[in-house]
Amino acid sequence: IFGEEVYAVGTQAPASLEYIKTHHPEIGAEWEKLLARIAEMTVEEAMATIQHYVVTHPRLHYHLYTGEIDKTLFYGLKKRVEAGTLEGTEYLDLVLRLNGGTCGEMSLIGLTLLRLAGIPTGLSVGNLADEKGRVPRLRHVWPEVILPYGEEKFSGLPVECSSSLMGTGSDT
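Residues numbered from 1 in each chain as written. Predicted model: local features only at pLDDT ≥ 70, side-chain atom pairs only at ≥ 80, totals over all residues. Heavy atoms only, no water.

S.K.: Lay out helix α6 (residues 90-97) with the relevant residues and their values.
M.R.: Leu92, Asp93, Leu94, Val95 and Leu96 are the residues of α6 that are buried. Summarising the contacts, the buried residues of α6 are in contact with α2 (17-23), α3 (25-38), α5 (68-83), β2 (100-101) and α7 (103-116). (Buried < 20%, exposed > 50% of the residue type's maximum accessible area, 1.4 Å probe, protein only. Helix = DSSP H or I, 4+ residues; strand = E, 2+ residues; numbered from the N terminus. Contact = heavy atoms within 4.5 Å.)

Right, here's the structure in full:
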């Protein structure tokens, strides 16, 4: 229903499950079990299951870069992304090694799992409104499942992966 090109791009994960199992054995074993369970689910059930896993996982959590080492690693990585010199799985490796990060890193985990499950997914970036509806300069990143509607038209369904926005964690 997606067309080969959209499906191929939307399901290309930043790393294969075999790579995750080899380089991050504990997480890899969990992901293998999770993906096996998801294989029998509807897309909606799989999305909810992955979202729940990312948001409530005891080891993967939303956190700001508070330590100098974290800041140095992530900001160095950001400069390499901007320069176009980032290699393959480096970003995902760092996120898994540091057990999460901000919304961008938690979204990368969600996107990776959704794509490994064969669910076409992209990332969206925008601003968050405060409780009064004002839009301060607070950027946010979240994965969106790509859904077809009409002929050659697509829509994104957000999958929030930041525990602080789900009311299950804190921003620090």
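S.K.: Describe the pattern of salt bridges, naming the residues involved and giving the relevant values.
M.R.: A side chain with one charge can pair with a side chain of the opposite charge if their charged atoms come near. Taken as a whole and assessed by the stated rule, the structure comprises 4 salt bridges. Across the salt bridge formed by Lys21 and Glu32, the nearest N and O atoms sit 2.9 Å from each other. Linking Lys21 in helix α2 with Glu32 in helix α3, this pair joins segments that are 11 residues apart in sequence. On the basis of relative accessible area, Lys21 is assigned to the partly exposed category, the value being 25%. (Salt bridge = Lys/Arg side-chain N within 4 Å of Asp/Glu carboxyl O.)

S.K.: An account of the sheet that holds strand β5 (residues 154-158) is requested, with residue identities and associated values reported.
M.R.: Strands sit in the order β3-β4-β5 across an open sheet of 3 strands; the sheet is antiparallel. At either margin of the open sheet sits one strand with a lone partner, and together these are β3 (121-127) and β5. Across the sheet, the mean angle separating the axes of adjacent strands is 45 degrees when strand polarity is ignored. When β3 meets strand β4 (residues 139-148), the two strands line up antiparallel, connected through 7 bridges. Within β4, the residue paired with Thr121 across the bridge is Val145. Most of the contacts of α7 go to β4, to which it runs at about 20 degrees, and overall it touches β3 and β4. (Pairing = 2+ DSSP bridges. Axes fitted to C-alpha atoms, helices over the stretch in contact; angles between N-to-C directions.)

S.K.: Tell me about the state of the cysteines, and name the residues and values.
M.R.: All told, the structure shown has 0 disulfides when counted by the stated rule. Residue Cys103 stays outside any disulfide, its sulfur separated by 10 Å from that of Cys161, the closest cysteine. (Disulfide = S-S within 2.5 Å.)

S.K.: I'd like a rundown of the environment of Gly122, residues and numbers included.
M.R.: Topologically, Gly122 is positioned in strand β3. As for Gly122 and Pro58, which are separated by 64 residues in sequence, their C-alpha atoms are 25 Å apart. In contact with Gly122, not counting residues within four places along its chain, are Leu111, Arg115, Trp142, Pro143, Glu144 and Ile146.

S.K.: A description of the packing of α3 against helix α4 (residues 43-56) should follow, citing residues and the corresponding values.
M.R.: Orientation of α3 relative to α4, taken along the N-to-C sense of each, is 155 degrees, at an axis distance of 10 Å. Between α3 and α4, the interaxial angle falls into the category roughly antiparallel. In this structure, α3 meets α4 at a crossing whose hand is right-handed. For the pair α3 and α4, the contacting residues are Ile27, Glu30, Trp31, Leu34, Arg37 and Ile38 in the first and Ala46, Thr49, Ile50 and Tyr53 in the second. For the contact of α3 with α4, the residue count by class is 7 nonpolar, 1 polar and 2 charged. (Parallel < 35°, antiparallel > 145°, perpendicular 65-115°, else oblique. Left-handed = near helix turned anticlockwise from the far one by under 90°. Nonpolar A, V, L, I, M, F, W, Y, C, P; charged D, E, K, R; others polar.)

S.K.: Report on unusual backbone geometry, specifying residues and quantitative values.
M.R.: Even without being glycine, Asn99 reaches a positive phi, approximately 60 degrees. Structurally, the position occupied by Asn99 is in the loop between α6 and β2.

S.K.: Which residues make up the environment of Gly110, and what are the values?
M.R.: Counting through the fold element by element, Gly110 comes out in helix α7. Gly110 sits 22 residues away from Gly88 along the chain, and the two C-alpha atoms are 18 Å apart. If near-sequence neighbours (up to four positions away) are discounted, Gly110 is found in contact with Ile50, Val54 and Cys161.

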